[in-house]
Amino acid sequence: MAKTPPPFTCTECQSPAAKWSGQCGSCGAWNTLVELTATSSQTATEVTTLASVSLADGVARPTGVDEFDRLFGGGLLPGSVTLLYGEPGAGKSTLLSQVAIAAASRGTTVLLVAAEESAAQVRLRTERLGTLPDQLLIIATTSLDEALHAAEDRNADLVIVDSIQAVRASDIAGPSGSINQLRTAAERLVALAKHRGPAVIVVGHVTKDGEVAGPRSLEHMVDTVVAFEGDRHQSLRVARAIKHRFGTTGEVGLFEMGSNGLAAVEDPGRLLLDEHVHEVAGSALAIVLEGHRPLVTELQTLVVDSHGGNARRTASGVDNARITLLLAVLEARCGINLAGLDVFASVTGGLKATEPAADLPLALALTAAVTERAIPRGLASFGEVGLAGELRRVRGADRRISEAARLGLSGVIVPSSTPEISCSIPVLRAATLDEAINLARTFTPNTTEPSRR
Ligand code: TYD
Ligand code: MG
């Protein structure tokens, strides 16, 4: 009887190999082992009906950090590659240390590739975050080759590379962090994941300006991209799935950084509202959707005389182009002139309010700032503003209104085309921005009940 040929071969030296490896055992070339297919041997890959394909590998495995798992629709898929990027100091290593502990304590073999810190440094941090399970392995190396070997050798189920900028492939020119090295590292880690099945998470540092040649250039090579954001000076951290090949994108995980690492934020709306202490002319409550979750956030604006200079528009967390558009609509359709004024706008808590639903609260905040009339306490709003000054309905209106009611806000202004929903707080409907401004002006919160809590 003929012996079955080894299933892999090197495309470089044609040597056979019994198992897949990142490096050819004969010629030392990287990423050259391919599985023999029908064209190269007689063992053809089978065609099956789609309905009969095994789903064993397609099941997401929860890591045990719920706010993290939520980004992936429940957990990490074996064989998937995730890029987690954020600014230095955002808390990426902290988050992944927690993920590593949680996953390892559920029996997952986790390999931490510490390329930036010594093993002792990682232990010091990680020990504070939980008990260290035996399944949690570490290799402190900047060598990509060593990391890949270790992952194969230990049959890791989850490989965490911290960071992709700090590892280097010895056979590729260029320093670590260079575009060649980043690509090579990503390619080889993807190959590892696809052939050996571990879930792989790579950390990438990005700066606020987001360099083009940085780790974000790897987005198309990976399955999932998570942006980890947050103001270093504030405790709130937002993990946002901006790409997810296996499900919905836009899910967010919310954390608070404390002395024992990151804790899930149980009630973000309450947290953000608690910081909204008093009415200030220029601030407005918005109800935005973060993934599927409605969040009440505060938009703050400030307008000051630009003293004859070019009027500046400075935004953080909101879209600069949107502000310009809203200023034009306010002027043309509502007779509110902000020419000659510097305009600043931001979202509290380091969050983002870039969806169109933030138009209305932003326009109301700007109006309040320029007219110096505060919006009544606890009055929130959402809605898209069109160029004609009309208000357009936005998705998830029912969820947004329910959230406002749950938090006991005093009322909510919505586009008049929003479907009816019954709720315990006043829902004010406006067809145009002008109408909404008038509603905000004349609204009197019901003071017999506390408007919050
Ligand atoms: P780190 O995870 O190292 O950030 P990154 O890997 O994104 O560069 O940590 C970020 C900050 O978090 C650091 O300034 C220390 C702080 N921190 C805490 O406040 N509490 C903690 O329990 C830990 C581990 C870190
Ligand atoms: Mg780090």
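Residues numbered from 1 in each chain as written. Chains lettered and ligands numbered in written order. Predicted model: local features only at pLDDT ≥ 70, side-chain atom pairs only at ≥ 80, totals over all residues. Heavy atoms only, no water.

Participant: Teacher, can you tell me more about the overall build of the protein here?
Facilitator: The secondary structure content of the protein amounts to ten helices and 21 strands. Seen through its principal axes, the protein has C-alpha atoms that stretch 90 × 50 × 45 Å. Counting only residues that meet the buried cut, the protein has 51% of its 453 residues in that class. Contacts in the protein between residues at least 24 apart in sequence constitute 66% of all its contacts with a sequence separation of at least 6. As displayed, the protein offers around 20900 Å² of accessible surface, 51% of which is attributable to carbon and sulfur atoms. Side chains of the protein give 41 positive and 50 negative charges; the mean places of these two sets differ by 1 Å. (Helix = DSSP H or I, 4+ residues; strand = E, 2+ residues; numbered from the N terminus. Buried < 20%, exposed > 50% of the residue type's maximum accessible area, 1.4 Å probe, protein only. Contact = heavy atoms within 4.5 Å. Areas by Shrake-Rupley, 256 points an atom, 1.4 Å probe, with all protein chains shown as cover. Lys, Arg positive; Asp, Glu negative; His and termini not counted. Charge placed at Lys NZ, Arg CZ, Asp CG, Glu CD.)

Participant: Help me out: how do you make sense of the domain arrangement of the protein in this one?
Facilitator: Much of the literature gives interface size as the accessible area that the parts lose upon coming together. Domain assignment breaks the protein into domain 1 (60-264) and domain 2 (270-442). Taking only C-alpha atoms, the centre of domain 1 and the centre of domain 2 are 36 Å apart. Facing the 14 residues of domain 1 at the interface are eleven residues of domain 2. Between domain 1 and domain 2 the total buried area reaches about 1100 Å² when both faces are included, carbon and sulfur atoms providing 50% of it. Area buried by domain 1 at its contact with domain 2 is led by Leu236, Arg240 and Glu251, which between them contribute 36% of it. (Domains from an automatic or database assignment. Buried area = accessible area lost by both parts, 1.4 Å probe.)

Participant: Help me out: how do you make sense of the sheet that holds strand β15 (residues 313-316) in this one?
Facilitator: Paired through backbone hydrogen bonds, the strands of a sheet run either parallel or antiparallel to each other. Strand order in this open sheet of seven strands is β15-β16-β14-β13-β17-β20-β21, and the pairing throughout is mixed. The strands lining the two open edges of the sheet, one partner per strand, are β15 and β21 (427-430). Across the sheet, the axes of successive neighbouring strands diverge by a mean angle of 25°, strand direction being ignored. Two elements, strand β20 (residues 411-415) and β21, share four bridges in a ladder whose sense is parallel. Paired with valine 412 across the strands is valine 427, a residue of β21. Strands β15 and β16 (341-347) of the sheet are contacted by helix α7 (residues 320-334), whose axis makes an angle of about 130° with β15. Along the sheet face, helix α9 (residues 397-406) touches β13 (283-290), β14 (293-305), β20 and β21 and points at about 130° away from the line of β13. (Pairing = 2+ DSSP bridges. Axes fitted to C-alpha atoms, helices over the stretch in contact; angles between N-to-C directions.)

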